[in-house]
Amino acid sequence: MRKCFCSQWRSYFVHGERLCGDMSCEITTVDDLRTDPPTRKCSTSSTNSTNSTNSTSSTNSAGSMATSDGDVDVAAVAIPSSAVVVYVTDDAVATMSVVGCRGDRTRATVVSVDESSSDIHTDRDECSSDESCNGPDSPTGLKRVGSVYDFGLDEADSPPPCANHPFAAGPDADLTKVARKQLRMIREVDVAVCHLNHTNTIISKILSSKYLRRWENHQIRLQDDCITSNTPSGFLSKTIGYEAIKDLYPVKRWDSNFKYCLRVVVTNGSYLLQTTNQYLRDQILYSILWKKNVQETQTLLKSQSDPDDMLKELQNIVDFAKNIPLVDDEIFHMPTFIASTLMTRDQEKYCKQSWEKALIGTLRPLIEDCPPSAEMCSFLSHHCKDQSSLPIIKDSLVYTITRILKHNFDFARTLTARTLVQDYIKALYIQDRSGESIRYFLSRVHSASAVCPHNRVLPNMVSTCITAIYSASEELPANCSEAEFDCYYTNHLRCYIVVLQNISEYSDWLYGLAQLLRPLPFPALLLIRSIFMEDISSVILKIGLHEDCEIHKQVLAVRETKDGWFDLCSPIEAVFCGSSIVWTQLLKTLMACERCKKKKLLKNLKAKHLGTCVSEALKNNKIVMDVLCLMLEWMVVEDLHQRNQIVDTLKSTEFGRNVYDEFMSRQNQLLELQRKGGPQNLSLPARGTDLDLNSMFDCGPFGNLESVDLAFTNVTDTCANTLIKLPSLKVLNLWGTQFGDSGLLIISDHLTNLQVLNLCETKVTDRGIVSLISLINLKKLNLNSTKATVRSVDVLKKKLPGLHEVDVRYSFAW
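Residues numbered from 1 in each chain as written. Predicted model: local features only at pLDDT ≥ 70, side-chain atom pairs only at ≥ 80, totals over all residues. Heavy atoms only, no water.

Participant: Help me out: how do you make sense of the overall build of the chain in this one?
Facilitator: For the chain, the count of helices and strands is 29 helices and 25 strands. Looking at the 814 residues of the chain, the share that counts as buried comes to 52%. Of all intrachain contacts in the chain linking residues separated by at least 6 positions in sequence, the fraction that spans at least 24 positions is 66%. Carbon and sulfur atoms make up 51% of the accessible area of the chain, which totals about 37000 Å². (Helix = DSSP H or I, 4+ residues; strand = E, 2+ residues; numbered from the N terminus. Buried < 20%, exposed > 50% of the residue type's maximum accessible area, 1.4 Å probe, protein only. Contact = heavy atoms within 4.5 Å. Areas by Shrake-Rupley, 256 points an atom, 1.4 Å probe, with all protein chains shown as cover.)

Given below as structure tokens:
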């Protein structure tokens, strides 16, 4: 007879008896459920009893105990947490400690039993005989907690505990100090199998004794619902369903021939699975535990109708997935798949705001650790579109979106993940059109460090935005008006431009962003709209006004036949309505850069934007006037009509006349130097500097200078601005100087008559060496002890047929 002082009951039965659902109720007495054995009594207390030695019984999660004669005694009662249950029999006294509760189910383990030991001992019990050591009789014995055995009993052979196991390192040990192994999930494995029946007859005990056991070799496969053999015969001629498994635990101490064994207790007996090592045994143990728990969860959810109960079941499987020491994608994907299946089963019933909030909170630990499934992405995207539920998931999705951006390598295979990111960005913008929410989100994605530690975040974010812009643009009407376009753009496209604007604020992302935007990866429909160009111009200015040449040159076209952002920002283009601010600022930065090839840039300006330059010069644009004068000085404009047009334009304003007069003064000085003649060879003394070289040319006629020796001086790239004033120069020796790539870019544009160039022991690299292809008269080149590579030299030999001597000894890559 059982007494319970509470009024709450649950409608379920264990072994035919109804159980109380209140875990705080006091249990006074428990009668034995068997009819013939002596009555056993159970008492509870909050303190642990004194441990005895050598147990003879085993318990399951519902408090069941296996006696030495093979029968199973189940105390089907709800036992309070942290209680101690003492079983009293005629031949043994067992102390059972409650180790954990799951809802209405209680898990317990035997602490001590006074009885003689036998030849077989397990991690969870010590039996009087191996053939009579029955496992737990309740199918819920392993539900979501793992096998119940005392890890403190075996230091060598026991499998690694789950993190939440109460006896992971002893009852009083600090669980955080327990080291967990990481095991791979097993799906197919070769094992030796032995079957033991539990009929408890003399014949069955004799046949099951360890001296007469027969072992079979099988390759078992862990299916989703059962354990099968690839060679179905003998003991495994039939499958072992997970629902038939009553208990599962490793055998601890065995004889020397059968050491690493796993015992699978089923309804009509048990199976021994023998492996070659402890690690493999632990893999099989936890793999079966996982499969069994997943199947039981799915079975329970199919029969459940209460959303709260379903949420509890999901919470249990999530907790189990977090703590089981298995490493496999299925561990993280299966709970989210179960949740997705549940949501699609009855959306009207389960897709409620409060329930969905709790569901997202339940699955959040798994979503943070792995990419969400396609079903889960669709579910989260649905909530991003629903503004009423966005505040619920706004903060919860930050980790999910961040993980997608950090670890995704191919959005073509995960379209739902990309859609989720797009919907999340759009939802943030609709909620806060000032862009603060998007700015905060990007700060979380970038991390607080100066450099983002994740290389995939930037390309994934940019590609997501560009794809969303293309998709939204396809939904625009063919002949929509300007007002209709502006409204559609504001509601569906601007959010992604705001993301690009915020990305440009990070210095470490700017170069990558510039490279990704250089090919103009936007629909042509947007590139002719003023509202789009005005928004994107802030990003272009961040790129084009940067001091680094590698960044600001990205505004130029990839090829001469294509247009770049610099070309699209031209004031003649209709999208800017005559505004030349952006274009002029970009032009100023490009012309002020010493590393950019100015002569090539001027040629492109003359080919594409000569009319724009003339128009801006007439508006008294001083920057454009300097550019036009430089075109005349460097002989970029060869057509006489165009030269006269530039001269007339410069003379039309006061500032232009001053610029033109200075240009004519320099030209007259050069003509005078050439007329007077002067020396043909010049050698600068050691320790000479750029200033010394400039002063030397100002003090005499050097118009006919053909050879300049600057070897072992202190000249730098700055001297190139002086050397380009010598159009007749044929030999240039820069051995042992601080000359580099920037200087080579300048002289390669102007000294077209150069025939011999010595760059031995200079700082030049492939970037500057490749630019020498414009020196069509070059015959000898010395690259001794430089960082020249085979690639750059091969390019020069292909482009310069007259280059018959190249010295590359002791070079960096030779």
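Participant: Any chance you could explain the packing of helix 15 (residues 507-517) against helix 17 (residues 530-544) here in plain terms?
Facilitator: Think of two packed helices as two axes; the pair is described by the angle between the axes and how far apart they sit. In contact at an axis separation of 10 Å, helix 15 and helix 17 are set at 120° when each is read in the N-to-C sense. Judged by the angle between their axes, helix 15 and helix 17 are oblique. Classified by chirality, the crossing of helix 17 by helix 15 is left-handed. Residues Leu510, Leu513, Ala514 and Leu517 of helix 15 touch helix 17, and the partners they reach there are Val539, Lys542 and Ile543. Across the contact of helix 15 with helix 17, the residue classes break down as 6 nonpolar, no polar and 1 charged. (Axes fitted to C-alpha atoms, helices over the stretch in contact; angles between N-to-C directions. Parallel < 35°, antiparallel > 145°, perpendicular 65-115°, else oblique. Left-handed = near helix turned anticlockwise from the far one by under 90°. Nonpolar A, V, L, I, M, F, W, Y, C, P; charged D, E, K, R; others polar.)

Participant: Would you explain the packing of helix 17 against helix 20 (residues 581-592) in this entry?
Facilitator: It is at 10 Å that the axes of helix 17 and helix 20 come closest, and there the two elements cross at 15°. It follows from the interaxial angle that helix 17 and helix 20 lie roughly parallel. Of the two possible hands of crossing, helix 17 and helix 20 adopt the one that is left-handed. Where helix 17 abuts helix 20, its residues Ser537, Ile540, Leu541 and Gly544 lie against Val582, Gln585, Leu586 and Thr589. The residue makeup of the contact of helix 17 with helix 20, split by class, is 4 nonpolar, 4 polar and no charged.

Participant: Quick question: what am I supposed to make of the pairing of strand 14 (residues 226-229) here?
Facilitator: Walk down a regular strand and you will see the side chains alternate between the two sheet faces. On strand 14, burial covers both faces: Cys226 and Thr228 on one face and Ile227 and Ser229 on the other are all buried. Pairing between strand 14 and strand 15 (residues 240-241): 2 bridges, direction antiparallel. Opposite Ile227, over in strand 15, you have Ile240 as the bridge partner. (Pairing = 2+ DSSP bridges.)

Participant: I'm lost on unusual backbone geometry in this one. Help?
Facilitator: With the exception of glycine, most residues fall at negative phi, and the peptide bonds are largely trans. Positioned with a positive phi, Arg687 is a non-glycine residue whose angle comes to about 70°. Structurally, Arg687 is set in the loop between strand 20 (681-683) and helix 25 (690-698). Residues other than glycine seldom take positive phi values, yet Glu761 does so here, at roughly 55°. Here Glu761 is to be found in the loop between strand 23 (756-758) and helix 28 (766-770). The class of Glu761 is partly exposed, set by a relative accessible area of 43%.

Participant: Mind showing me how you'd approach the pattern of salt bridges here?
Facilitator: Pairing between side chains becomes possible if they bear opposite charge and their charged atoms approach one another. One pass over the structure, following the stated rule, counts 19 salt bridges. Note that Asp282 is salt-bridged to Arg281, the shortest N-O span being 3.3 Å. Relative accessible area serves as the criterion here: at 0%, Asp282 is assigned to the buried category. With a shortest N-O distance of 3.5 Å, Lys542 and Glu505 are connected by a salt bridge. Note that Lys542 is positioned in helix 17 and Glu505 in the loop between helix 14 (494-503) and helix 15, a separation of 37 residues in sequence. Here the salt bridges share partners, and the residues they tie into one network are Arg187, Asp224, Lys291, Asp328 and Glu330. (Salt bridge = Lys/Arg side-chain N within 4 Å of Asp/Glu carboxyl O.)

Participant: It is not clear to me how the side chain of Asp567 should be interpreted in this structure. Could you clarify?
Facilitator: You can see Asp567 is positioned in helix 19 (residues 565-568). Take Asp567: its relative accessible area is 8%, and that puts it in the buried class.

Participant: I would appreciate a short explanation of helix 11 (residues 436-446) in the present structure.
Facilitator: Helical geometry note: an α-helix holds 3.6 residues per turn, so side chains three or four residues apart project in the same direction. The set of residues buried in helix 11 consists of Ser437, Ile438, Phe441, Leu442, Val445 and His446. Looking straight down helix 11, one finds its buried side chains confined to an arc of 165°; they lie on one side. Count one or two residues on from helix 11 and you reach Ser447, which has phi positive near 85°. (Arc of directions from axis to C-beta.)

Participant: Would you explain the pairing of strand 13 (residues 216-222) in this entry?
Facilitator: Only one face of strand 13 is buried: it carries Glu216, His218, Ile220 and Leu222, and the other face, with Asn217, Gln219 and Arg221, is open. Of the strand pairs in this sheet, strand 12 (residues 188-197) and strand 13 are connected by 6 bridges, and their pairing is antiparallel. Paired with Ala192 across the strands is Asn217, a residue of strand 13. In the sheet, strand 13 pairs with strand 14 via 3 bridges, with the strands oriented antiparallel. The residue of strand 14 that forms the bridge with Arg221 is Thr228.

Participant: Sorry, what's going on with the packing of aromatic side chains here?
Facilitator: Each pair of aromatic rings is reported with the distance of its centres and the angle of its planes. Tallied over the full model, the rule gives 10 aromatic pairs. With a centroid separation of 5.2 Å and an interplanar angle of 65°, the aromatic rings of Phe522 and Phe532 are classed as edge-to-face. Here Phe522 is found in the loop between helix 15 and helix 16 (524-527), whereas its partner Phe532 is found in helix 17, with 10 residues between them in sequence. Aromatic rings pair up to connect Phe485, Tyr489, Phe522, Phe532 and Trp565 into one cluster. Looking at Arg529, its charged tip hangs above the ring of Phe485, at a distance of 4.3 Å from the centre. For the cation-ring pair, Lys622 lies above Phe655, with the distance from its terminal atom to the ring centre recorded as 5.2 Å. (Phe/Tyr/Trp six-rings, centres within 6.5 Å; stacked < 30°, edge-to-face > 60°. Lys NZ or Arg CZ within 6 Å of the ring centre and 35° of its normal.)

Participant: I keep staring at the sheet that holds strand 24 (residues 780-782) and nothing clicks. Help me out?
Facilitator: If you walk across this open sheet you meet the 6 strands as 20-21-22-23-24-25, and the pairing is parallel. Two strands in the sheet have a free side with no partner beyond their single neighbour: strand 20 and strand 25 (805-807). Geometrically, the sheet is characterised by an average inter-axis angle of 5° between neighbouring strands, direction not taken into account. Relative to strand 22 (residues 731-733), strand 21 (residues 707-709) is paired through 3 bridges, and the arrangement is parallel. Looking at the pairing, Val708 lines up with Leu732 of strand 22.

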